[in-house]
Structures are given as C-alpha cells and as structure tokens.
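Summary of the model geometry
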Amino acid sequence: MENKRTCLYDKHVALGALISPFSGFDMPIQYTSIIEEHQAVRQRCGVFDVSHMGEVWVSGPDAERFVNHIFTNDVSDAPLGKIFYGMMCYPDGGTVDDLLVYKMAPQSFFIVINAGNIDKDVAWMRDHAEGFDIELEHKSDYYGQLAVQGPESESVVEEVLGLTCKELAFYTVKSIETEGETLIVSRTGYTGEDGFEVYGSHAYIRGAWDKLTQNGRCQPCGLGCRDTLRFEVGLPLYGDELTENISPIMAGLGMFVKLDKRDFIGRDALLKQKAEGVAQRLRGIELDGNAVPRHGYSVIADGREVGQITTGYRLISVDKSCAVALVDSNLELGDRVEVQIRKKTFPGTIVKKKFYDKHYKK
C-alpha cells in the first residue's frame, strides 16, 4: 500500500529533505542534519510539518461525558481554551493511544491523535459512542498542522505569521479568524521548549510554511530531531514508551490518569495496577561510555535479561548515551545494569527518564 503524503510534501522535496516512511506517511526526516535542526529548536526556532497527525471533533450535549468515558484525564467543568494530555486505554489498561484534548466550546472538544493510530482511534471512539448524544467528526483530511518550537517561537508566530499568541498560557488554545477560515492555535509542544501548533486548511498551512522557512528566523526541522528533542526531556512516543502492552502506570504517567473519576475505559485495571504495583515499568539508563543503545536491545542485570530498550540515543544537548527501557520493577535508581549491543554488553546506571530540563512558558 502506498504511503500518504502531507500537503507540504512537495515543499520538503524542494528543500532537499531526506524522506522516509513514518506511520503510513512519507515524511521529512532531516533537511541539513539532525544535530543542526535539534540545536536550532533548543537555541532559536524550528518548524515541523505535523500534518500527518489526526484530528477529531466531538460535540453535542454529551460531549464532556463521552470524552471523560474514553479518556484517562478529567475534562469536567474545564475552562474554555484548556488543553489536556492523557490516554485512551483498553479495558485491561493497555494504551490505545496518547492524545491531546482541547476544550473549544461548552459542548465541543478538539482531539489530536497520533498519525499511525488514526484509523484505530476513530474506530475506537465510534465503537464507544453508543448511548451518548454527540456528533463525532473525523477531520484529519481537512487539517494541516505546523509546530513552531523554540525559545523564539512566540515572536516568530506573532511577527512572521501575524498571529497574536503571546497571551496564551502553556497548554491553552484559541481560535483565530484569518484569510476566510478559522485557525486553531495552541501553546504546547513535543520538544521540551516553548512552542505553538497552528491548525488550518492545506492552503493556509502551505502559505504559512513558506513564510516561516523563507524568513530566515525559523529552521525547517524533520522527524529525526523531533524524536531526539522529545526523548531528551522524557516525553513518550506511542509504539515505544506506550503500547497496547504498556499502560500509563507502567510508563510512569499516572499523573494523567484520574482514578477518582468513576467511569472511564480501563479504570479498574489501572486502579489495580496502582494499588498492587506492576511487574515492569519504564526507567532511564545512562551508559558509562559512548555506545548507542537502540529500541529492542536487551537490558541485563545479574546475568539475566530484565527488560528491553524502548528508545536510545547519543544525546545531543548533554552529550551522553542514554536510553529508556521497560525493565523489572524491582530495579531502583542507581542500580547498575548492562545493555546488550550486538555481541557485547555495555555498563550503565538506572536513572530518571528525563535527561534534559524542559523550558516551557511559565
């Protein structure tokens, strides 16, 4: 089956991007180098094409009740413009997807889902909509999305795109009427830096991309550095740190699971995990040397396998070899382990999953 392409595909090709398959799309991995693009976001400003992400509107009298039923976080009585991070879970506590929920109107929520899960997520939502007075609109084919990230992102969005955004607090959203359409502008991100997302029609997003990349203040960035940036600050990637077999509790994301909320799918299983503990959980590993751990490599302690790497890199911002791994829960911070890389093992230490401090808008 052929991969899909975003509305900016031809522009990536024109900029000489390295294109590679990702979640069913042909996506730009890098334009110049992953290191250069990574540092641009950490130090100045970068723009990502994230038009491959999925978008769903849930509206109607039961919109809030429905979202609370399928979502681990609690959107009850949320103020307009508030954004929530959380998960949809299976009854056994495994993760369907992690997602963002935007409160756009009293009875209207905008839900952003991962590209590789679009069909699965929409089907899941529809399968669980019975008995709720809602309208569910799958709008992934309409929206393009740009993520403008970095310490200079606020001034770039305001001055280059002409979109007023400085009043937005972290994890809030607003609508902006421009060029005959309604844009959605939010202040979140997946890099550990301040940043914004702009959702609009394909025509608007194409024009905005040109303004940003031709202005000289904003580096076009591929998915390569998007992964290194999110990994350094401990943000999970679905398929690695969250899967149908890795619950939010196992992933250390219990703060986004509101167990005092009575009725959501997976609550009973997650409540049991929280009370009784889990056999495995995610931990950070810092290797002693320069060897680079990768997804799927074995973690060994006392001569036996105790887990597997979910993501690993030679970190760019702190110049260390680090990994996140799903390991046996009895491993504690400071414990020594080894990572099997091909035929050799390399020593390391169990540490926290965040290797670099976030710099969000306070």
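For the structure itself, look to the data block above.
These remarks concern the structure in this document. (Residues numbered from 1 in each chain as written. Predicted model: local features only at pLDDT ≥ 70, side-chain atom pairs only at ≥ 80, totals over all residues. Heavy atoms only, no water.)

1. Let's talk about the overall build of the protein chain
Note the following rule: Strands are runs of DSSP state E lasting at least two residues, helices are runs of H or I lasting at least four, and both sets are numbered from the N terminus onward. To get the radius of gyration, use the C-alpha atoms; to get the globule rule, take the number of residues to the power 0.38 and multiply by 2.2 Å. Using a 1.4 Å probe on the protein chains alone, a residue whose accessible area is under 20% of its type maximum counts as buried, one over 50% counts as exposed, and one in between counts as partly exposed. Note on contacts: a residue pair is in contact if any heavy atoms of the two residues lie within 4.5 Å. Charge assignment: positive for Lys and Arg, negative for Asp and Glu; neither His nor the chain ends contribute. Each charge is placed at NZ for Lys, CZ for Arg, CG for Asp and CD for Glu.
When helices and strands are counted, the protein chain shows eight helices and 19 strands. What you see for the protein chain is a C-alpha radius of gyration of 20 Å, in line with the 21 Å of a compact globule of 362 residues. Its C-alpha atoms give the protein chain principal-axis dimensions of roughly 65 × 50 × 45 Å. With 362 residues in all, the protein chain has 59% of them scored as buried. Counting contacts in the protein chain only where the partners sit at least 6 residues apart, residues at least 24 apart contribute 67% of the total. Distance from the positive charge centre (41 side chains) to the negative charge centre (53 side chains) of the protein chain: 5 Å.

2. Considerations on the sheet that holds strand β4 (residues 54-59)
Hydrogen bonds between backbone groups are what pair the strands of a sheet, and the pairing can be parallel or antiparallel. Note the cut-off: Criterion used throughout: strands pair if DSSP finds at least two bridges between them. Axis geometry follows a simple rule: fit a line to the C-alpha atoms, using only the stretch in contact for helices, then measure angles between N-to-C directions, giving values from 0 to 180 degrees.
Across the sheet, which stays open at both edges, the five strands sit in the order β5-β6-β7-β4-β8 with antiparallel pairing between neighbours. Strands with a single pairing partner mark the edges of an open sheet, and in this sheet they are β5 (83-89) and β8 (135-138). Ignoring strand direction, the axes of neighbouring strands in this sheet form an average angle of 25 degrees. Bridge count between β5 and strand β6 (residues 95-105): seven bridges; the pairing is antiparallel. Paired with Y85 across the two strands is L100, which belongs to β6.

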